[in-house]
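# Architecture at a glance
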Amino acid sequence: MTHGHDVLHMMEGNTYKNKEELVAAIIGRFGTEERFHTCSAEGMDASEIVDFLSARGKFMSTPDGGFTVDISQVCNH
């Protein structure tokens, strides 16, 4: 199982047009069967981890209408 922080660090320096593009990038990096966890949840698939991180304000908009990780929102524990 991969921690959500790994997804956020994967996003650093990258911009995504929409959720589907980010989910595809996560699957490309970690595989279709990978499950993700955080300090408060576990067993999430790629789509669920994106929803989880988004709901917690981990993303920020980009000038081109996409989004990226808000690195100031990544805890370092």
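These figures come from a predicted structure and were not determined experimentally. Every chain's residues receive numbers from 1 upward, in the order its sequence appears when written. Reporting in this predicted model follows two pLDDT cut-offs: at least 70 for local features of residues, and 80 or more for side-chain atom pairs to be given and counted; totals over whole chains, interfaces and linings ignore these cut-offs and use all residues. Side-chain metrics rest on all non-hydrogen atoms present in the structure, leaving aside hydrogens and water.

## Examining the confidence of the model for the protein chain
Close inspection of predicted coordinates is inappropriate for parts of the model with low pLDDT. Values of pLDDT, ranging from 0 to 100, describe the predictor's confidence in every residue of the model. For the protein chain, per-residue confidence averages 93 on the pLDDT scale, and 97% of positions sit at 70 or higher. A run of H or I in DSSP counts as a helix once it spans at least four residues, and a run of E counts as a strand once it spans at least two, with each numbered from the N terminus. At the level of individual helices and strands, the protein chain shows its lowest average pLDDT in strand β3 (residues 59-61), which scores 93, and its highest in strand β2 (residues 36-37), which scores 98.

## So, the pattern of salt bridges
The working definition used for a salt bridge is a side-chain nitrogen of Lys or Arg within 4 Å of a carboxyl oxygen of Asp or Glu. This structure, assessed with the given rule, holds one salt bridge. A salt bridge links Asp-51 to Lys-19; its shortest N-O distance comes to 2.8 Å. Of this pair, Asp-51 sits in helix α3 (residues 46-55) while Lys-19 sits in helix α2 (residues 19-30), placing them 32 residues apart in sequence.

## Describing α2
Structurally, the α-helix is built with 3.6 residues per turn, so residues lying three or four positions apart point the same way. Working rule for helices: expected span equals 1.5 Å times residues minus one. The first and last C-alpha atoms of α2 sit 16 Å apart over twelve residues, in line with the 16 Å expected at 1.5 Å per residue. Between two residues, a contact is recorded if the distance between any of their heavy atoms is within 4.5 Å. Along its buried surface, α2 packs onto β1 (2-3), α1 (4-11), β2, α3, β3 and β4 (67-69). Contacts described as polar in this section are N or O atom pairs within 3.5 Å, which, within protein, must combine one atom able to donate a hydrogen with one able to accept it, while residues neighboring in sequence count only if both atoms come from side chains. In this structure Asn-18 caps α2, since a side-chain oxygen of it lies 3.2 Å from the backbone nitrogen of Glu-20. Phi for Gly-31, located one or two positions after α2, is positive at around 95 degrees.

## Quick notes on the side chain of Asp-70
By the element assignment, Asp-70 lies in the segment after β4. When accessible area is computed with a 1.4 Å probe and restricted to protein chains, residues below 20% of their type maximum are described as buried, those above 50% as exposed, and intermediate ones as partly exposed. Neither His nor the chain termini are counted; the positive set is Lys and Arg, and the negative set is Asp and Glu. Although Asp-70 is buried, it makes no salt bridge; Lys-58 carries the closest opposite charge, 8.9 Å away. Among the polar contacts listed, one links the side chain of Asp-70 to the side chain of Ser-72, at a separation of 2.7 Å. Excluding its chain neighbours within four sequence positions, the residues that come into contact with Asp-70 are Lys-58, Phe-59 and Met-60.

## What about α3?
Listing the buried residues of α3 in full gives Ala-46, Ile-49, Val-50, Phe-52 and Leu-53. All buried residues of α3 fall inside an arc of 165 degrees around its axis, so they share one side. For α3, the elements touching its buried residues are α1, α2, β2 and β3. Where α3 begins, the side chain of Asp-45 points an oxygen toward the backbone nitrogen of Ser-47, at a separation of 3.2 Å. Looking one or two residues beyond α3, the residue adopting positive phi is Gly-57, at roughly 75 degrees. As used here, the arc is the angular range of directions from the helix axis to the C-beta atoms.

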